[in-house]
Amino acid sequence: MLNLHNAEFIRSAVKTADFPADGLPQIVFAGKSNVGKSSTINKILNRRNFARVGGQPGKTIHINFFSIDKQAYFVDLPGYGYAKVSKTERDRWAGLLETYFTSGLITLGLQIVDIRHKPTADDKTMADCFLGTGQPFAVIANKWDKIKKSELEGNVARIRETLLLPEEVPVIPFSAEKGTGRDEILALIEEHIAAFTPEAE
């Protein structure tokens, strides 16, 4: 079992040399700028302001690495789809992300989408990036508390269909507000950390 209280910020990566390469598993969180990514990480860790919740979308401008109980990293990717970021900055992010996604460091990808809406083209691109790594991947459908019970099944099916997810990729309904779905996400994370074996050099 991970001790979630033993969590600390390690560094913000702005270049390849900044990626931790000590062989620990890396659990990667991605999502649109306004989808509640920081709130999701905070709720999973039960820490109020651990991953900064910005008043403005698009505040995560680097790849941020957090050590969790010295057994794994939570990796917070820059939020995508925020129009006010300059093209130069977007291109820099894209280059950094492409390098990270091809680094072989990702253990489990977790993409956060809004359960209320059909995923966007940017969401589809990010899902394709995760699927392209060949590593385990799951989608967290946040804002579960904002829909009716009767909408749940149809909305999850729409996410799965729009992102063209293979059967083995779970879509986990979640509420960063109330914590519903947290246990399922934590169980998935712990399962992949426990099963992790670093690739041979």
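Here the focus is the nonpolar core. Ranked by internal contacts, the top residues of the largest apolar core, which has 30 residues, are Ile-63, Phe-65, Val-75, Leu-77, Tyr-100, Val-139 and Ile-159. Contributing elements (two or more residues each) for this core: strand E2 (26-31), strand E3 (63-68), strand E4 (72-76), helix H2 (87-101), helix H3 (121-133), strand E6 (137-142) and helix H4 (152-162). Broken down by element, the residue count for this core peaks at four residues, all from H2. If we skip the residues at most four places from it in the chain, Ile-63 touches Arg-11, Ser-12, Ala-13, Phe-19, Val-75, Asp-76, Leu-77, Pro-78, Leu-96, Leu-97 and Tyr-100. Judged by nonpolar contacts, the second largest core, of 28 residues, contains Ile-27, Ala-138, Ile-140 and Ile-185.

As a further point, take the packing of aromatic side chains. Scanning all chains against the criterion turns up ten aromatic pairs. Centroid distance Phe-19 to Phe-65: 6.2 Å. Interplanar angle 50°. Geometry classified as tilted. A residue pair is termed long-range when its members are at least 10 positions apart, and Phe-19 in the loop between strand E1 (7-13) and E2 and Phe-65 in strand E3 qualify at 46 residues. Like Phe-19, the residue Phe-65 is buried in the burial classification. Ring geometry for Phe-19 against Tyr-100: centres 5.1 Å apart, planes inclined by 70°, an arrangement best described as edge-to-face. Of this pair, Phe-19 sits in the loop between E1 and E2 while Tyr-100 sits in helix H2, and the two are 81 residues apart along the sequence. For Tyr-100, a relative accessible area of 0% gives the class buried.

Moving on, we come to the environment of Val-113. Among the secondary structure elements, Val-113 is positioned in strand E5 (residues 108-114). Along the backbone, Val-113 and Ile-172 are 59 residues apart, and their C-alpha atoms lie at a distance of 10 Å. Other than its neighbours up to four places away in sequence, Val-113 contacts Val-35, Asp-123, Val-139, Ile-140, Ala-141, Asn-142, Ile-159 and Leu-163.

So, on to the packing of helix H1 (residues 37-45) against helix H5 (residues 182-195). Running from N to C, H1 and H5 point in directions that differ by 80°, and their axes come no closer than 10 Å. Overall, the two elements H1 and H5 adopt an arrangement that is roughly perpendicular. For the pair formed by H1 and H5, the contact residues are Lys-43, Ile-44 and Leu-45 on the first element and Arg-182, Ile-185, Leu-186 and Ile-189 on the second. Tallied by class, the residues present in the contact of H1 with H5 amount to five nonpolar, no polar and two charged.

The next subject is the sheet that holds E2. For sheets, the rule is that strands pair by backbone hydrogen bonds, running either parallel or antiparallel. Ordered by their spatial adjacency, seven strands build an open sheet running E1-E3-E4-E2-E5-E6-E7, and the pairing between neighbours is mixed. This sheet does not close on itself; its edge strands, each paired only once, are E1 and strand E7 (171-173). Strand after strand, the sheet turns through a mean of 25° between neighbouring axes, direction not considered. Of the strand pairs in this sheet, E5 and E6 are connected by six bridges, and their pairing is parallel. Looking at the pairing, Gln-111 lines up with Val-139 of E6. Sitting on the sheet, H4 is in contact with E5, E6 and E7, with an inclination near 145° to E7. Sheet strands in contact with H5 are E2, E4, E5, E6 and E7, and its direction is about 160° off that of E5.

Cut-offs and rules
- Residues numbered from 1 in each chain as written.
- Predicted model: local features only at pLDDT ≥ 70, side-chain atom pairs only at ≥ 80, totals over all residues.
- Heavy atoms only, no water.
- Core = buried A, V, L, I, M, F, W, Y, C linked by side-chain atoms within 4.5 Å.
- Buried < 20%, exposed > 50% of the residue type's maximum accessible area, 1.4 Å probe, protein only.
- Helix = DSSP H or I, 4+ residues; strand = E, 2+ residues; numbered from the N terminus.
- Contact = heavy atoms within 4.5 Å.
- Phe/Tyr/Trp six-rings, centres within 6.5 Å; stacked < 30°, edge-to-face > 60°.
- Axes fitted to C-alpha atoms, helices over the stretch in contact; angles between N-to-C directions.
- Parallel < 35°, antiparallel > 145°, perpendicular 65-115°, else oblique.
- Nonpolar A, V, L, I, M, F, W, Y, C, P; charged D, E, K, R; others polar.
- Pairing = 2+ DSSP bridges.

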